[in-house]
Amino acid sequence: MRPSKRLFVRTLAGAAVFAAFAGAASAQQVVKIGLLATLEGPFAAGGADGMRGADMAVRERGGMVAGKKIEVIKASSDAKPDVAVNATRKLVEQDKVDIMVGPLSGSEGIAVKDYSKTQPNITFINGSSGAQATTLVNPSPNFFRFNTEGAQWMVGLGKAALDKGYKRVMVIAEDYAFPYSQVQGFMVEYCRLGGKVPVKAWVPLGGKDYASVIARIPKDVDALVVVLGGADAVNFLNQYEQAGGDKPLVGGSITVSQDILNYKGKRRDSLVGTIAGAPVAEAFDGADWKKFVADYQKAYPVSAGGYPSPSLFAFVYYVNMKAALQGLDEVKGDLSDGQKKYREALAKMVLKTPTGEVRLDSNRQAIGTSFVTEVAKDSKGELYNKVLRKVDNVDQMLGMKKEEFKIGSRDEPNCP
Amino acid sequence: MSRFWKWFWGIAIGGPIAVFVVWALASNERLFLVTLLNGLTLASLYFIVAAGFTLVFGLMRNVNLAHGSLYILGGYLGYVVAEQTGFWLVALAAGFLVAAIVGLAMQVSIFRFMQGEDLRQTMVTIGLSIVIADLLLWTFGGQVHQLSPPAWLDGPLRGIPVINAYSKYRLALLPLGIAIGVLLWLFLNRTRVGMLIRAGVDDRGMLSASGVNVNLVFAITFAIGAGLAGFGGVIGAVELSMVPGEDVRLLLASLVVVIVGGMGSVVGAAIGAAILGVAETFGLAYAPTYSVVFTFVILVLVLAFRPRGILGRPA
Amino acid sequence: MSAAQWRKAMNAGAAAQGWPRQRRAASAPAGAARAEAPAPYADQDAPRWLKWIWERVAARHVFVLAFVLVYPLVATPFFTFQIGAQSLALGLIALSLTFLSGYGGMISLAQMTVAGIAGYMVAILGVSGTAEISLGWPWWVVVPLAIAIATVCGTLIGWLSVRTEGIYTIMITLAIGVAFHYLALQNYSVFNGFQGLQKVYAPTVLGVNWGEPLPFYFLALACALGGYFLVQYLVRTPFGIALQGVRDNPRRMNALGFNVTAHRVAAYAVAGFIAAVGGVLFVWYNSLITPGSIGTSWLINILIIAVLGGMRHPIGPFLGAIVFVLLQNFAIDVFARERFNLVIGGVFLAIVLFSPDGLLGLWAAFRARFANADARSRISPPRPSGRT
């Protein structure tokens, strides 16, 4: 072998030996946390930001909790439920994580929740999946969601739309569980206060051509409620403007989130004035939120791939990881007896998040804060979301009684 | 087919379509006309991309499943060039050239050595498509890249009777598609190289036996086919935005267009694109949940009765 | 003529073009050599089955069988379930493709679609989390019905595809597969759209929950062995030989009086049956089925698995499935999981460019080199280079 190659091999061997010893030495002082986000496929950009949020929560504690070192094992999915379950199973059964944080998208969340029932001794905490059914239909005793879900995020938006004078709206949303929840959250309030939704257009996820949907927009609606995410939102906004559309928009939580406002292309000035419902708002002036944003910007400057302001995904993953670590702190790292004490601590926890307090209901679903936001332009010409209203203590029943509550679907709720 | 059967099928297929057209015009003529325009403009994009695909297949019997990757390669690079120079036309040229060069490289370095092994070539294109798509995902990330139309095509064209307003850019796609079609036809039928290509499509062995440098002809054809895909990519980057996953969509559209229209026939690609574009947009407008079923039914009908496509020639 | 004589006659005939190559060159001398070497027990009064075993079963068959039987008893439940059982289920679906393309010469990208149809039927006709759609019939009605429906669909896909030649088949089956994917994605009344159907569990039969890692592994193993022996058996029957003849030279077979289309459609039917069984296993493995399970990436993945292993022998797809599943699960530990597609695409490309017969081809080349080296070092003629 050449001398340089010999040196390389020896260094490698030495490093391996050292790592083995180091690993052996610290084996018993580690708590393993599995982290799952979508790093491929349609939500790849959101998944990357979610992981940044989770990393921030770990870094806040200096990488240690209750005297043990935190080891985060990352896995990736691509918004497909079967891939998410496979990745989770590997983290839980092969890598032997103690706690699982994830997944990102709504359908994955339901599948992971079903899987969690087969692993009663591991605690599963949500990533950012926001479908209602995850905690409302057949909830799992060891699946915890410290973030509010899609319908909760839209609380307050119905009234804001009516305040702006939108008495008749058309809904354009993607055809899967998360948008159903969002539309339900909006329409429950909007319909109750007298608004009318004559047309609902459900478009396939990833469908690119909105020309036909745009052609179907009736003349007599006042605004469009657009619950699309990622590339679909960008396409729709672009094609709508190109087609000469000028109706105001009401956005879902991921329609005007950071990754859309900052997509690579011309700034869509037509977005200014769009109201939306979301769990975060960049311009919220709470002290904790400002500190969170500053930490994010310091750790992930735009040049290194971060967004100008943390996205919804970063925030939600941060909250869930923080809950996981705070729970560990409260039980002093005691994960014995099937993690019973840990789970009780989680269920009773009052979590302080950058936007307010969060506690869990009987289905281990968060009761938290939602914002009604409006898109505005700052002094630099960048688009951001300013706060119109902050609603606290939003629970999953959206203030209704259990008997009259129906999960959002394509036909529920209805008020033509 | 006997005259009776031709009449029978003409009425069986044309009848319901005529009834539908009359009903749609009567109930909401604006929607119908807008949808028709949408369909034809979408068909233009499909035609541009599928023409390259069918050219490569017709001459070299190479089912280039990396065609979609060449599409997004052209799209992303066109975006970069447009950002740097600010000119959409320069981006168009760049998209065409880059894809053509990559296609040329593929042909010269890989496919040339696999002459005759059609299935193996197809496998290689599948592998290349996965690799190229992932490299582009790595470089550009999962974010949406939306190319803006040039200023003179930006915004709606107002004042059209019945429709009122329609996107200028989208409207411009129609003459662009026709222009590309005419150019291709002229190239294939009025130039020497085009004559060689047509001869090769008919009988590859004979072409080689007449002393023509077949490898050169193949290389040129592949470059043009790939360049068309890249060109289509820049166009699509404005209309449909660039996102990972577009490659599969456009590849499938090309497949359906070529299956329906006929392998190796550019006119067939035009017909197939028109059918697919119109069917897709009408489906999305009038019955969005089942739009793809229409495409499927058309595909199945064509396969069942004319397996070579409408204008296809035997292998 | 007996099947063996027929095989020799076909194989010794005009060289076949195209790819994948079959083991023609190897089998002729091996067969001839076998006839010359004295068979053990040939002269004794041993029962026929013992003679048959001595003729057919080699040491490596026993080794592999013992390995797969003992594996779950020593491996962790994760390895048994996620690696072992998933490889067997995927390998079974890829086996249908290997049968179609290796022995029938038709590369169909719709095998995962057929498997998906079987999976969806199990979910729709049986019990799932979506009570509005699932009919809730018992498993002993649902499973045979699902397999039957999927087989019929596979035959229909075949009927649509056989009227054109080789490479058209890839395009057409890909288009059909994707069309079905979009149908499942956009239809809510039957397929439940994007969400798909969840909580499709394997039934509890005879007191055993067949969804548990160990029983499921043995179920998958039984099905995989069944599929493997079915293919091995079929390719030696007159039908199988005729099919290989159709693959090599359809015109000549047609001139000889064989109904080429009927043979091809029958091959699709058999492949559809194998894929359907694999599909039922796959839906029980995932406990759910969504349009994502039958999307383009999975359609191509099955092709990758089949090519990776090698299309020359039914063991190929299982080898390919094992490598694929290992890469899928452990790539993230070695390099970034996000670049998984790059890795698998690169491996696939390398295999197609340099070793079109996949892992089996590499193995055969390795053994051939060994046998050559062996021969060069001896004076006497070498032993026949093993059974193929």
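Examining the interface of chain B and chain A
Many descriptions give the size of an interface as the accessible area lost when the pieces come together. Opposite the 29 residues of chain B that make contact, chain A presents 24 residues. If you list the elements that add at least two residues to the side of chain B that touches chain A, you get helix 2 (29-60), strand 1 (156-160), strand 2 (164-167), helix 6 (168-190) and helix 11 (266-286) of chain B. Tallying contributions element by element places helix 2 of chain B first for the side of chain B that touches chain A, with 5 residues. For the side of chain B that touches chain A, the residue count by class is 14 nonpolar, 13 polar and 2 charged.

Side note on unusual backbone geometry
Cis geometry is found at the peptide bond from G102 of chain A to P103 of chain A, where omega equals -5°. With respect to the helices and strands, the residue P103 of chain A is situated in the loop between strand 4 (99-101) and helix 4 (106-116). In the Ramachandran plot, R364 of chain A falls in the positive-phi region, its phi being about 60° despite a non-glycine side chain. Turning to its location among the elements, R364 of chain A is positioned in the loop between strand 13 (356-360) and strand 14 (366-377). Of note in the backbone geometry, L206 of chain C takes a positive phi value of approximately 55° without being a glycine. Structurally, the position occupied by L206 of chain C is in the loop between strand 2 (204-205) and strand 3 (208-209).

Topic: the nonpolar core
Ranked by size, the top nonpolar core spans 342 residues in total, and within it Y46 of chain B together with A118, V122, A175 and V280 of chain C carry the most contacts. At 17 residues, the largest contribution of residues to this core is made by helix 2 of chain B. Both domain 1 (30-147 + 290-367) and domain 2 (152-284 + 370-404) of chain A contribute no fewer than three residues apiece to this core. In this structure V122 of chain C touches V142, V143, A146, V200, V280 and V283 of chain C, once residues within four positions along its chain are discounted.

Some details on the interface of chain C and chain B
The partner chain B presents 35 residues to the 34 residues of chain C that form the contact. No other element matches helix 8 (residues 166-186) of chain C, which puts 12 residues into the side of chain C that touches chain B. Classifying every residue of the side of chain C that touches chain B by side-chain character gives 22 nonpolar, 9 polar and 3 charged.

Notes on the pairing of strand 3 (residues 68-77) of chain A
Looking along a regular strand, one sees side chains alternate from face to face of the sheet. Residue and element names in this part refer to chain A. Of the strand pairs in this sheet, strand 1 (residues 30-38) and strand 3 are connected by 9 bridges, and their pairing is parallel. Paired with L35 across the bridge in strand 3 is K74. With antiparallel pairing between neighbouring strands as the criterion, strand 2 (residues 64-65) and strand 3 make up a hairpin whose turn holds 2 residues, including A66 at a positive phi of roughly 50°.

Brief notes about the domain arrangement of chain A
Residues and elements named next belong to chain A. The assigned domain composition of chain A is domain 1 (30-147 + 290-367) and domain 2 (152-284 + 370-404). Summarising the inter-unit geometry, the C-alpha centres of domain 1 and domain 2 are found 26 Å apart. Each partner contributes residues to the interface: domain 1 has 25 residues there, and domain 2 has 25 residues. Of the residues contributing to the side of domain 1 that touches domain 2, the split by class is 12 nonpolar, 12 polar and 1 charged.

Digging into the packing of helix 5 (residues 77-103) of chain C against helix 9 (residues 213-234) of chain C
All names here are of chain C. Running from amino to carboxyl end, helix 5 crosses helix 9 at an angle of 20°, the nearest separation of the two axes being 9 Å. Taken together, the axis directions place helix 5 and helix 9 in an arrangement best described as roughly parallel. The chirality of how helix 5 crosses helix 9 is left-handed. Listed contacts from helix 9 to P77, T80, F81, G84, A85, L88, A89, G91, L92, L95 and F99 of helix 5 are P213, L214, F216, Y217, A220, L221, C223, A224, G227, Y228 and V231. The residue inventory of the contact of helix 5 with helix 9, partitioned by class, reads 18 nonpolar, 4 polar and no charged.

Quick word on the sheet that holds strand 1 of chain A
Residue and element names in this part refer to chain A. Taking strand neighbours across the sheet as the criterion, the 6 strands line up as 2-3-1-4-5-6 in an open arrangement whose pairing is mixed. Bordering the open sheet on either side are strand 2 and strand 6 (143-144), each of which pairs with just one other strand. Here 2 bridges tie strand 2 to strand 3, and the two strands are oriented antiparallel to one another. By the bridge assignment, V65 is partnered in strand 3 with K68. Along the sheet, helix 3 (residues 81-94) contacts strand 1, strand 3 and strand 4; its crossing angle with strand 3, the most-contacted strand, is approximately 155°. Across the face of the sheet, helix 13 (residues 312-330) comes into contact with strand 1, strand 2, strand 4 and strand 5 (123-125) while running at roughly 160° to strand 4.

Calculation notes
Residues numbered from 1 in each chain as written. Chains lettered and ligands numbered in written order. Predicted model: local features only at pLDDT ≥ 70, side-chain atom pairs only at ≥ 80, totals over all residues. Contact = placed C-beta atoms within 7 Å. Helix = DSSP H or I, 4+ residues; strand = E, 2+ residues; numbered from the N terminus. Nonpolar A, V, L, I, M, F, W, Y, C, P; charged D, E, K, R; others polar. Core = buried A, V, L, I, M, F, W, Y, C linked by C-beta atoms within 7 Å. Buried ≥ 20, exposed ≤ 12 C-beta atoms within 10 Å, placed from the backbone. Domains from an automatic or database assignment. Pairing = 2+ DSSP bridges. Axes fitted to C-alpha atoms, helices over the stretch in contact; angles between N-to-C directions. Parallel < 35°, antiparallel > 145°, perpendicular 65-115°, else oblique. Left-handed = near helix turned anticlockwise from the far one by under 90°.

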